[in-house]
2 protein chains.
Amino acid sequence: MMSIEPEMKRRFRATAITLAVLLVVVLLTCVPYLVSIALAEGPAQDNTADASPIFGVTIPAGYRQWELIAPAEEAAPLDELRAIVGNQTAIDAYQAEKLPFPDGTILVKRAWKRKQSPEFVSATIPGVATTVQVMVKDSRKYAATGGWGFGRFINGKPVDEAQHRTCFACHDARAKGHDYVFTRLAP
Amino acid sequence: MMSIEPEMKRRFRATAITLAVLLVVVLLTCVPYLVSIALAEGPAQDNTADASPIFGVTIPAGYRQWELIAPAEEAAPLDELRAIVGNQTAIDAYQAEKLPFPDGTILVKRAWKRKQSPEFVSATIPGVATTVQVMVKDSRKYAATGGWGFGRFINGKPVDEAQHRTCFACHDARAKGHDYVFTRLAP
């Protein structure tokens, strides 16, 4: 007995140390992912000063890392290049061609003035950033507007209430058949 | 002594079990990330049939999930909308404004024919996908072409050698001052 007990103790200790090391390695490897889970999925609802009027929608943290749904272009007078990205809920719904989009879907449209490339005459590239526009699906909270909350931001600040009153009317008139969303997943 | 030994054994066992459970939880949480690390960073070099002539560059797995660097537009006759995405090495270099791009950088340009939105007359959206174009930085392997390997793909298959001979000449003539890369990070 006296020779077995220390042997078992050593084995337990070795196992515990191995597991602890593995845990630390995996945790360190996954730090970016764990941070992105913490930050990227939900809108940052804490800063109400930067929330849109009517809807209370904010710019979601980490949206620049989100997957591209499609680029787009808007003719004059806006004269913009755009890129629409979505959180994982949005991407999953697009890939499954699932309509309506589930609650938790967030779409973000980034927009820039169009600018001719200085290096390639036929190419147009992003100039200054103009607006960031956000759609958040919450079928109960936003029941009056097709389940969508809207936010339109310039330099990180929401535009006025009058502009936000125009969002749903246009999406309702033109994109009702696609759950009020214009953008399709680029092939 | 007889009462302390079993107590220590219990504690070691409890510690080992706790660590094992934590490890399993973290591993399960991070499965998508670990899979993406395994799949998404490197070009899939296994399928040489789908590798570009001259350079042996392939379409990297998981590039659709990569972060957007910028959208772009190409005038007629190509008449395309484009989106340039990059792997994490590329994004880190862009954000740090680091030139030259480090080895391991991969840039992918997705391209689509421009199409008028059926719902919004002033909007142009992606039509059919045209090419996928890839740049891979390996300063030793591609020393003769500024450290970059090129791949141009249509329907997943590389175009011919003659087309691949034109890649570096153009990037060299027009974008040498930005490590042969046209695209800048959209603001």
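Residues numbered from 1 in each chain as written. Chains lettered and ligands numbered in written order. Predicted model: local features only at pLDDT ≥ 70, side-chain atom pairs only at ≥ 80, totals over all residues. Heavy atoms only, no water.

Chemist: Help me get a handle on the overall build of chain A, residues and values and all.
Modeler: Secondary structure assignment for chain A yields 4 helices and 6 strands. Going residue by residue from the N terminus, the α and β elements of chain A occur as α-α-β-β-α-β-β-β-β-α. Here chain A, with 187 residues, has 44% of them falling under the buried criterion. Excluding contacts between residues fewer than 6 apart, the proportion of contacts in chain A whose partners are at least 24 apart in sequence is 51%. Carbon together with sulfur atoms contributes 60% to the accessible area of chain A, which is approximately 9500 Å² in total. (Helix = DSSP H or I, 4+ residues; strand = E, 2+ residues; numbered from the N terminus. Buried < 20%, exposed > 50% of the residue type's maximum accessible area, 1.4 Å probe, protein only. Contact = heavy atoms within 4.5 Å. Areas by Shrake-Rupley, 256 points an atom, 1.4 Å probe, with all protein chains shown as cover.)

Chemist: Before we move on, can you summarise the relation of the copies chain B and chain A with the specific residues and values?
Modeler: There are two copies of the chain, and a rotation about an axis plus a shift along that axis relates them. Structural alignment of chain B on chain A gives an RMSD of 0.8 Å, achieved by rotating through 179° and translating 0.3 Å along the axis. One copy is carried onto the other by what is essentially a two-fold rotation axis. When each C-alpha of chain B is compared by its distance to the rotation axis, A16 of chain B comes out closest, at 1.7 Å. Mapped onto chain A, 98% of the interface residues of chain B again fall at the interface, so both copies present the same surface. (Least-squares fit on C-alpha atoms with pLDDT ≥ 70 in both.)

Chemist: Residue-level account of the state of the cysteines, with values.
Modeler: Overall, the coordinates contain 0 disulfides over all chains when judged by the stated rule. No disulfide involves C170 of chain A; its sulfur sits 8.8 Å from the nearest other cysteine sulfur, which is in C167 of chain A. (Disulfide = S-S within 2.5 Å.)

Chemist: Now, about the environment of L68 of chain A: what can you tell me, with residues and values included?
Modeler: Mapped onto the fold, L68 of chain A is located in strand 1 (residues 67–74). Under the relative-accessibility criterion, L68 of chain A is labelled buried at 3%. Between the C-alpha atoms of L68 of chain A and N87 of chain A, which are 19 residues apart in sequence, the distance is 9.4 Å. Sequence-distant contacts of L68 of chain A, that is, excluding residues within four places in its chain, are made with A83, I84, V85 and L185 of chain A together with L68, A83, R110 and W112 of chain B.

Chemist: Describe the interface of chain B and chain A, with residues and values.
Modeler: At the interface, 50 residues of chain B touch 49 residues of chain A. Taken together, the two surfaces of chain B and chain A that pack against each other cover about 4700 Å², and 63% of this comes from carbon and sulfur. Considering only the surface of chain B that becomes buried against chain A, F12, E73 and E119 of chain B emerge as the three largest contributors, covering 14% of it. For the pair chain B and chain A, the interface holds 4 salt bridges. Note that R184 of chain B and E119 of chain A form a salt bridge whose closest N and O atoms lie 3.0 Å from each other. Our count for the chain B to chain A interface comes out at 16 residue pairs in polar contact (both at pLDDT 80 or more). If you list the elements that add at least two residues to the side of chain B that touches chain A, you get helix 1 (4–29), helix 2 (31–40), strand 1 (67–74), strand 2 (80–86), strand 3 (106–116), strand 4 (123–137) and helix 4 (161–175) of chain B. Per element, the largest residue contribution to the side of chain B that touches chain A is 14 residues, and it comes from helix 1 of chain B. (Buried area = accessible area lost by both parts, 1.4 Å probe. Salt bridge = Lys/Arg side-chain N within 4 Å of Asp/Glu carboxyl O. Polar contact = N/O pair within 3.5 Å; in protein donor to acceptor, adjacent residues only side chain to side chain.)

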